[in-house]
Amino acid sequence: FREADEPHRPEDAALLEQAVRGVAELNRRHEAGGAGPFHLLHRERRFSHSEQRWLGWERKRGKLEEFNRLLLGDDGTGFTVHEGDPSGLEGTRFVITLDADTNLPQGTASRLVGTLAHPLNRPEVDPASGQVRSGYTVVQPRVVTSPESGNRSRFTRLYCGDASIDIYSRAVSDVYQDLFGTGIYVGKAIYDVTEFAQSLDGRAPENALASHDLFEGIHGRAALATDIVLYEDYPPTYLAFSHRLHRWVRGDWQLVPWLRRRVPGARHDYLPNRFALIDRWKIIDNLRRSLLPSALFLLLVSGWTWMPGHPLAWTLFAILAPAGHLFIDFATGLVRERWRPSSSLSRGIREDAGRWLLL
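Owing to the predicted nature of the structure, the values given are computational and were not obtained by experimental measurement. (Residues numbered from 1 in each chain as written. Predicted model: local features only at pLDDT ≥ 70, side-chain atom pairs only at ≥ 80, totals over all residues. Heavy atoms only, no water.)

A.B. asks: Residue-level account of the overall build of the protein, with values.
C.D. replies: Looking only at helices and strands, the protein has 13 helices and 13 strands in total. In the protein, which comprises 359 residues, the proportion classed as buried is 39%. Here the analysis covers contacts within the protein between residues at least 6 apart in sequence; of these, 67% occur between residues at least 24 apart. Accessible surface, the protein: about 21,400 Å² in total, of which carbon and sulfur atoms supply 59%. (Helix = DSSP H or I, 4+ residues; strand = E, 2+ residues; numbered from the N terminus. Buried < 20%, exposed > 50% of the residue type's maximum accessible area, 1.4 Å probe, protein only. Contact = heavy atoms within 4.5 Å. Areas by Shrake-Rupley, 256 points an atom, 1.4 Å probe, with all protein chains shown as cover.)

Structure representation (structure tokens):
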């Protein structure tokens, strides 16, 4: 249900009945000698004192947390409706999370399962503290914009290729993964239910995290698998893009307390901070990125008021600054073209290496 000013809306009952009926029909259509494979889990609205509205507890983070507890055998979750055979969820080891606008290509799920289940990636969790010592509880695939969504409106045609802010959806290599062995969780990935829940036990304070993905990925130790791809839609209008960016920036700044030595816990206490220096840098880097639009606007105002030089030069610089990644891509393409096996330079290097081997 959408968040509202009251616990129940007139259209709630009809909408829930339609969803239950649809899932039941899917189960009847796809059952194979038993109950069907589909489930509907629904939570009622709760009053949020911080938001002063009625909504699902902790939104998406609370939904995943309660789902994990349900899979681990907890009967005290907030799910008031469960359509489907409850025994079908028993023994679930992995969960793949997707947004409504995310496309899962055929074969991607099995590749995600195979990657996370690989012996070299299996997590080792300290039973006393719950900290992941090695391995991973989350595997984050590469998320790219679906080709059809880039041509839905004039806004998407202009901005769909902008990677100055949304860098994660275009990552083919990652400094954090390459140099430090961990990537960044962006909410559309696969995770190990037991170990993931254990790594977050008692660590997430209530009503404090709107953007929980980076927080959970650091605690659970996320890996970036760039050879596995998911596709998602780009916001079709500027208003939808602004709402999404507002959520991201709000969530980034809510992680500021996790830069300290002692951090808030789930039981209204303070705990020693588990985050390493590189993990805290991830938070700082997100804060830096969130300030980019404001910094560009300040640069434009300064260039047109008091800074030396022609205002048009500062305007051009402010316009080209977010497009710096295009020059990097262009330079990278030139290097690849020069060093690819078909080039004369690389052929010469191979011939010289062959001569030295003969000598």
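Resuming the write-up.
A.B. asks: Residue-level account of the packing of helix α6 (residues 193–200) against helix α7 (residues 213–220), with values.
C.D. replies: Their axes nearest at 8 Å, the elements α6 and α7 cross at an angle of 105°. By the angle class used here, α6 and α7 are roughly perpendicular. For the pair α6 and α7, contact is made by Phe196, Ser199 and Leu200 and by Phe215, Glu216, His219 and Gly220, respectively. Residues that form the contact of α6 with α7 fall into these classes: three nonpolar, three polar and one charged. (Axes fitted to C-alpha atoms, helices over the stretch in contact; angles between N-to-C directions. Parallel < 35°, antiparallel > 145°, perpendicular 65-115°, else oblique. Nonpolar A, V, L, I, M, F, W, Y, C, P; charged D, E, K, R; others polar.)

A.B. asks: Break down the sheet that holds strand β6 (residues 102–103) for me, with residues and values.
C.D. replies: Spatially, β5-β10-β9-β11-β6 is the arrangement adopted by the five strands of the open sheet, whose pairing is mixed. This sheet does not close on itself; its edge strands, each paired only once, are β5 (94–96) and β6. Most of the contacts of α6 go to strand β10 (residues 190–192), to which it runs at about 80°, and overall it touches β5, β9 (138–145) and β10. (Pairing = 2+ DSSP bridges.)

A.B. asks: Describe the pairing of β9, and please don't skip the residues or the numbers.
C.D. replies: Within β9, seven of the eight residues are buried, which leaves it mostly tucked inside the rest of the structure. Across two bridges, β9 lies against β10 in antiparallel orientation. Within the sheet, the bridge partner assigned to valine 139 lies in β10 and is isoleucine 190. Looking at chain direction, β9 and strand β11 (residues 222–232) are connected through eight bridges and run parallel. Paired with arginine 142 across the strands is valine 229, a residue of β11.

A.B. asks: Can you break down a nonpolar patch on the surface residue by residue, with the values?
C.D. replies: The grouping of Val175, Leu179 and Phe180 at the surface amounts to a nonpolar patch, some 330 Å² of accessible area in total. With respect to the secondary-structure elements, phenylalanine 180 resides in helix α5 (residues 175–180). Taking the relative accessible area as the measure of exposure, phenylalanine 180 reaches 44% and is therefore partly exposed. (Patch = residues over 30% accessible without salt bridge, like charges linked within 9 Å, V, L, I, M, F, W, Y side chains within 5 Å. Salt bridge = Lys/Arg side-chain N within 4 Å of Asp/Glu carboxyl O.)

A.B. asks: Please set out the pattern of salt bridges residue by residue, giving values where relevant.
C.D. replies: For the coordinates displayed, the defined rule picks out 27 salt bridges. Salt-bridge contacts for glutamate 11 lead to arginine 9; the nearest nitrogen and oxygen are separated by 3.6 Å. On the accessibility criterion, glutamate 11 (42% relative accessible area) is partly exposed. Taking the relative accessible area as the measure of exposure, arginine 9 reaches 35% and is therefore partly exposed. Of the charged contacts, one joins aspartate 233 and arginine 152 as a salt bridge, the two residues approaching to 3.4 Å between their closest N and O atoms. Here aspartate 233, found in the loop between β11 and α8 (238–253), pairs with arginine 152, found in the loop between β9 and α4 (154–159); they are 81 residues apart in sequence, far enough to count as distant. Residue class for arginine 152 comes out partly exposed when judged on its relative accessible area of 49%.

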